[in-house]
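Observations on the three-dimensional arrangement
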Amino acid sequence: MKGSTMDSNAPAKTGVEQKKRPVRRNFDQESLTFHATGRPGKIEITATKPLTTQHDLSLAYSPGVAAPCLEIARDPNTAYDYTAKGNLVAVISNGTAVLGLGDLGALAGKPVMEGKAVLFKRFADVDGIDLEVDTRDVDEFINCVRYLGPSFGGINLEDIKAPECFIIESRLREIMDIPVFHDDQHGTAIICAAGLINACDLTGRKLSDVKLVLNGAGAAAISCLELAKALGVRAENVIMCDSKGVVYRGRAENMNQWKAAHAAETKARTLAEALDGADVFFGLSVKGAVTPAMVKSMAKNPIIFAMANPDPEITPEEVAEVRDDAIVATGRSDYPNQVNNVLGFPFIFRGALDVRARTINEEMKLAAARALADLARQDVPEEVATAYSGRKLRYGREYIIPVPFDPRLIATVPPAVAKAAMDTGVARKPMTDMPGYRKQLAARLDLTAATLQTVSNEVVRSPRTVVFAEGEEERSLRAAIAYRNAGYGKAVLVARRRKVEETIANLALRPEDLEGITITNARENKSVAQYSDFLYRRLQRQGFLQRDAERMVNQDRNIFAACMLAFGHADTVVTGLTRNYHSALRDVRQVIDTTPNAPIFGLTMIVARGRTLFVADTAIHERPTDAELARIAIESAAAVKRLGHEPKVALLSYSNFGNPRGVIPERVRGAMNLLNEAAAAGEIDFEFDGEMNVDVALDPDRKLYPFCKLSGAANVLVMPGLHAATISTKLVQRFSAASSIGPMLIGLEKPVQIVNMDASVTDLVQMALMAAHSCTPKLI
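Our subject in this report is the structure included herewith. (Residues numbered from 1 in each chain as written. Predicted model: local features only at pLDDT ≥ 70, side-chain atom pairs only at ≥ 80, totals over all residues. Heavy atoms only, no water.)

Right, let's talk about the overall build of the protein chain for a bit. Secondary structure assignment for the protein chain yields 31 helices and 21 strands. Over its C-alpha atoms the protein chain spans a radius of gyration of 29 Å, differing by no more than 12% from the 28 Å that the globule rule assigns to 780 residues. Each principal axis of the C-alpha atoms in the protein chain carries an extent, and together these give about 95 × 70 × 50 Å. Within the span of the protein chain, comprising 780 residues, buried residues form 53% of the whole. Of the contacts formed within the protein chain by residues at least 6 apart in sequence, a portion of 72% connects residues at least 24 apart. Looking at the protein chain as shown, the accessible area adds up to about 35,200 Å², and 52% of this sits on carbon and sulfur atoms. Computed over 93 positive and 94 negative side-chain charges, the separation of the two mean positions in the protein chain equals 1 Å. (Helix = DSSP H or I, 4+ residues; strand = E, 2+ residues; numbered from the N terminus. Rg over C-alpha atoms; globule rule 2.2 N^0.38 Å. Buried < 20%, exposed > 50% of the residue type's maximum accessible area, 1.4 Å probe, protein only. Contact = heavy atoms within 4.5 Å. Areas by Shrake-Rupley, 256 points an atom, 1.4 Å probe, with all protein chains shown as cover. Lys, Arg positive; Asp, Glu negative; His and termini not counted. Charge placed at Lys NZ, Arg CZ, Asp CG, Glu CD.)

Shown next as structure tokens:
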């Protein structure tokens, strides 16, 4: 949830005041690097139609484009059929209330608007375009936005200060025939309303009976109050407070029409007086506004939504010191019951767009709130509980609001919003098949982002120590800092201390930025003798002398790092920046054994347009035997299942089920025979089939091959050889919008990941995360 100023007409922060903000050097620098790396920013436009031939171009543009133009001129509604309008939302701001930073101006607000567009896409597959309007004049802003209606299916207003935001939204809703929604107001209100419904349910209260106190009079605060009243909270039971105290009838100081609409008939004049005996507190104001004494004076089973960001009006710990019967929600992700706007706006627009709604009305907001409240009462799927390890995600005092990475959100909230739009007559395209619509929505979800979040949260819950073997490299240093900052655990750099200090100076970092990061090397480490003896015992019958083992431990960073791992002095190792993959792997395997009866291989995860594929073997076996192919398939399926996906394994070849014949297809058919035997013996329980070509594997129907045992498209592709695996994955990476993680090294007894020599800092951190997720450290 975004922060809100306590007063609707509080002065904007000046540039001088903004500069006083505490600088989080590491995180801020990491964010700047993130935004600047590669193509600057966070969004791009990708064509949805093929544009490879002259004929394609003639259809996409002149002369072919004339046909849809004429159809739209004849019937404007066909714009939804022939253009992207129906899935396109404009994220519009003038930058007068950017996050909690104040009036930064339109241009400085652009990173936030791009971020909003990314969230629309990630959570609801809505295409967002950011538009920054460089004016503080209300009429100019309205006149700019009102003429954009033909381009978009909806308008999301963002980071516009109060009270101007009320005027802008109200007038645009009157003159435009597409949804106009100020998320800073209504997004917070909807999530807050969902939490209130459940909090009242858990405490046995009726909404019509609760006494509610609101602290804050900004855009979000007033919207929260209005939606609470729409739910059934009675106006005479509500008191609003601002920086001057209670907003009561007859007050003249610091008032406006929006505050006056909620002025109370009360003798209370301070927040403390208003909270005495209150059932519910809504805070959208400032840190520390509520004291433990105020909480102590509230009614039995108080409901406290302290939503100021980044620090709440009162923390859950402070509440717990004086009350053991309170339900507490905040705007922060590190506490239970986070009031997070991302639970609302993507899914509300999704439902509104899909029925071509003219507006987002009160009934649609209430439907979204009730849908969220109902979802929180349902049993939480295993994958959601896993993603939030350490949290008790069961309906109760610490779980009254769903969590953002719940995959059920997209199939729950949009249908409720769409139905409300139809019931209130604002839908231009009513939905006739609601069950089918829910299935269509679920198919839009990008499971990979949820998978990575699951992995991340598991590692944060159980942090691991990673060794970056090439610690003198700038990328390793940056990755170590990012790994630590993310909360994944401790980082160790194998490096000369002097070299790291020089790199720190060159990067304009400070020595304290290395806090929590260990620098070690053979000269300083007290375990070097143990490492040398251990390595000698392993290699003495392979032509190595004691002095060879000592030299290797002292001079080879990969050997040294692997010895740390072997002795349990670290949980995982990441290397590969200074030596090619196979050289680094050869070093590591002199120290770390392979898992008994399992192959060692590379598994690459490819993500493209919301679809995830796993490809093996992308690192080790040049021409795997039929037995090796079968084992690679089994271990790939196990790895994919650990990452939260249901494996559907296709064994690939250039032939399809025996046609044509050849040496390579016969090897794959041999692997299929071994897998069939394992399945018959009950040793494996995943879907598999082959041999088949890749187009057949990725075709969910396979009408030519109705006997295929795969249900739907395959998501694990086992390649017949290393050449096919590496060429295909690198082609996809180079010539599509796909992103990849890997090759992830599978099959060593202890987790080691080897990156490509051109790996970025992000690649290093991702591989360290994957290694940390898979590690099961054992002392030798």
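Right, let's talk about the pattern of salt bridges for a bit. The tally for this structure, following the rule as stated, stands at 40 salt bridges. Between D103 and R136 there is a salt bridge, with its nearest N and O atoms 2.9 Å apart. Remark: R136 occurs in the loop between strand 2 (127–132) and helix 7 (138–146) and D103 occurs in the loop between strand 1 (88–93) and helix 6 (110–124); sequence separation between them is 33 residues. Classification of D103 as buried rests on a relative accessible area of 18%. Taking the shortest distance from any N to any O, the salt bridge between D311 and R332 comes out at 3.1 Å. (Salt bridge = Lys/Arg side-chain N within 4 Å of Asp/Glu carboxyl O.)

This part covers the pairing of strand 8 (residues 280–283). With burial as the criterion, each face of strand 8 is covered, one bearing V280 and F282 and the other bearing F281 and G283. With four bridges joining them, strand 5 (residues 212–215) and strand 8 adopt parallel strand pairing. Looking at strand 8, one finds that N215 is bridged to G283. (Pairing = 2+ DSSP bridges.)

The next subject is the nonpolar core. Counting residues in each nonpolar core, the largest one holds 104 residues, and the members touching the most others are I155, L157, I190, L196, L212, F282 and M364. Ranked by the residues each element gives to this core, the list is headed by helix 9 (residues 183–202), at ten residues. The residues touching M364, leaving out its near neighbours within four places in the chain, are A352, A357, T359, V417, A420, A421 and V426. Core analysis: the second largest hydrophobic core is formed by 62 residues, V455, I632, V668 and F688 among them. (Core = buried A, V, L, I, M, F, W, Y, C linked by side-chain atoms within 4.5 Å.)

Here we take up the side chain of R323. Position of R323 relative to the elements: it lies in the loop between helix 14 (316–322) and strand 10 (327–330). Looking at R323, the relative accessible area reads 12%, which means it is buried. Of the polar contacts made by the side chain of R323, one reaches the backbone oxygen of M298; its length is 3.0 Å. One polar contact links the side chain of R323 to the main-chain carbonyl oxygen of A299, over a distance of 2.8 Å. Beyond its immediate stretch of four places on either side in the chain, R323 contacts V295, K296, M298, A299, K300, N301 and P302. (Polar contact = N/O pair within 3.5 Å; in protein donor to acceptor, adjacent residues only side chain to side chain.)

The subject of this paragraph is the packing of aromatic side chains. With the rule as written, the count across this model stands at 15 aromatic pairs. Between F282 and F305, the aromatic rings sit 5.5 Å apart at their centres with planes inclined by 15°, giving stacked as the arrangement. Of this pair, F282 sits in strand 8 while F305 sits in strand 9 (residues 303–306), and the two are 23 residues apart along the sequence. Relative accessible area serves as the criterion here: at 0%, F305 is assigned to the buried category. Seen in terms of ring centroids, F468 and Y483 are 6.5 Å apart; in terms of plane orientation they differ by 80°. Their pairing is edge-to-face. Residue F468 is located in strand 11 (residues 466–468), and its partner Y483 is located in helix 21 (residues 474–485); the two are separated by 15 residues in the primary sequence. By the ring-pair criterion, three or more aromatic residues cluster together here, those being F120, F181, F345 and F349. Over the aromatic face of F345 sits the side chain of K116, whose NZ or CZ is 3.7 Å from the ring centroid. (Phe/Tyr/Trp six-rings, centres within 6.5 Å; stacked < 30°, edge-to-face > 60°. Lys NZ or Arg CZ within 6 Å of the ring centre and 35° of its normal.)

Attention shifts here to the packing of helix 23 (residues 528–539) against helix 24 (residues 546–555). As a packed pair, helix 23 and helix 24 sit with axes 8 Å apart at the nearest point and diverge in direction by 125°. When the axes of helix 23 and helix 24 are compared, the pair comes out oblique. The interaxial crossing formed by helix 23 with helix 24 has right-handed handedness. Contacts between helix 23 and helix 24 involve V528, Y531, S532, D533, L535, Y536 and L539 from the first element and Q546, A549, E550, M552, V553 and N554 from the second. Looking at side-chain class alone, the contact of helix 23 with helix 24 contains eight nonpolar, three polar and two charged residues. (Axes fitted to C-alpha atoms, helices over the stretch in contact; angles between N-to-C directions. Parallel < 35°, antiparallel > 145°, perpendicular 65-115°, else oblique. Left-handed = near helix turned anticlockwise from the far one by under 90°. Nonpolar A, V, L, I, M, F, W, Y, C, P; charged D, E, K, R; others polar.)

We now examine unusual backbone geometry. Residues apart from glycine generally show negative phi values, whereas peptide bonds are mostly found in trans. Following A162, the chain continues to P163 via a peptide bond in cis, the omega torsion being 5°. On the secondary structure map, P163 appears in the loop between strand 3 (154–157) and helix 8 (164–175). Even without a glycine there, the phi angle at D125 is positive, about 55°. In this structure, D125 sits in the loop between helix 6 and strand 2. Positive phi is not limited to glycine here, since R702 has a value of about 50°. Turning to its location among the elements, R702 is positioned in the loop between helix 29 (694–697) and strand 19 (716–718).

Bringing the packing of helix 15 (residues 345–354) against helix 18 (residues 409–423) into the picture now. One way to put it is that helix 15 packs onto helix 18 with a least axis distance of 7 Å and a crossing angle of 50°. The orientation of helix 15 with respect to helix 18, classified from their angle, is oblique. For the pair helix 15 and helix 18, the crossing hand works out as right-handed. Residues F347, I348, R350, G351 and A352 of helix 15 touch helix 18, and the partners they reach there are L409, I410, V413, P414, V417 and A418. Residues belonging to the contact of helix 15 with helix 18 are distributed by class as follows: nine nonpolar, one polar and one charged.

Moving on, we get to the pairing of strand 2. Relative to strand 2, strand 1 runs parallel, the two being bridged by six bridges. When the bridges of strand 2 are listed, V89 appears paired with G128. Viewed along the sheet, the connection from strand 1 through helix 6 into strand 2 turns out right-handed. (Right-handed = clockwise from strand over helix to strand, strands pointing away.)

The grouping of I727, L731 and F735 at the surface amounts to a nonpolar patch, some 360 Å² of accessible area in total. For L731, the position within the fold is in helix 30 (residues 722–734). (Patch = residues over 30% accessible without salt bridge, like charges linked within 9 Å, V, L, I, M, F, W, Y side chains within 5 Å.)

In this section: the environment of A561. Counting through the fold element by element, A561 comes out in helix 25 (residues 557–566). Note on A561: relative accessible area 0%, which makes it buried. Along the chain, A561 and N521 lie 40 residues apart, while their C-alpha atoms are 9.0 Å from each other. Beyond its immediate chain neighbours, meaning those up to four positions away, A561 contacts V467, A469, V494 and V573.

Attention now moves to the sheet that holds strand 3. Taken together, four strands build an open sheet; the order of strands is 2-1-3-4 and the sheet is parallel. At either margin of the open sheet sits one strand with a lone partner, and together these are strand 2 and strand 4 (180–182). When the angles between neighbouring strand axes are averaged without regard to direction, this sheet yields 25°. Running over the sheet, helix 8 touches strand 3 and strand 4 and is turned about 165° from strand 4. The sheet strands contacting helix 9 are strand 3 and strand 4, and the helix crosses strand 4 at an angle near 75°.

Read across the sheet, six strands follow the order 7-6-5-8-9-10 without closing on themselves; strand pairing throughout is mixed. Of all strands in the sheet, those with a lone pairing partner are strand 7 (245–246) and strand 10, marking the two edges. Sitting on the sheet, helix 9 is in contact with strand 5, strand 8, strand 9 and strand 10, with an inclination near 160° to strand 9.

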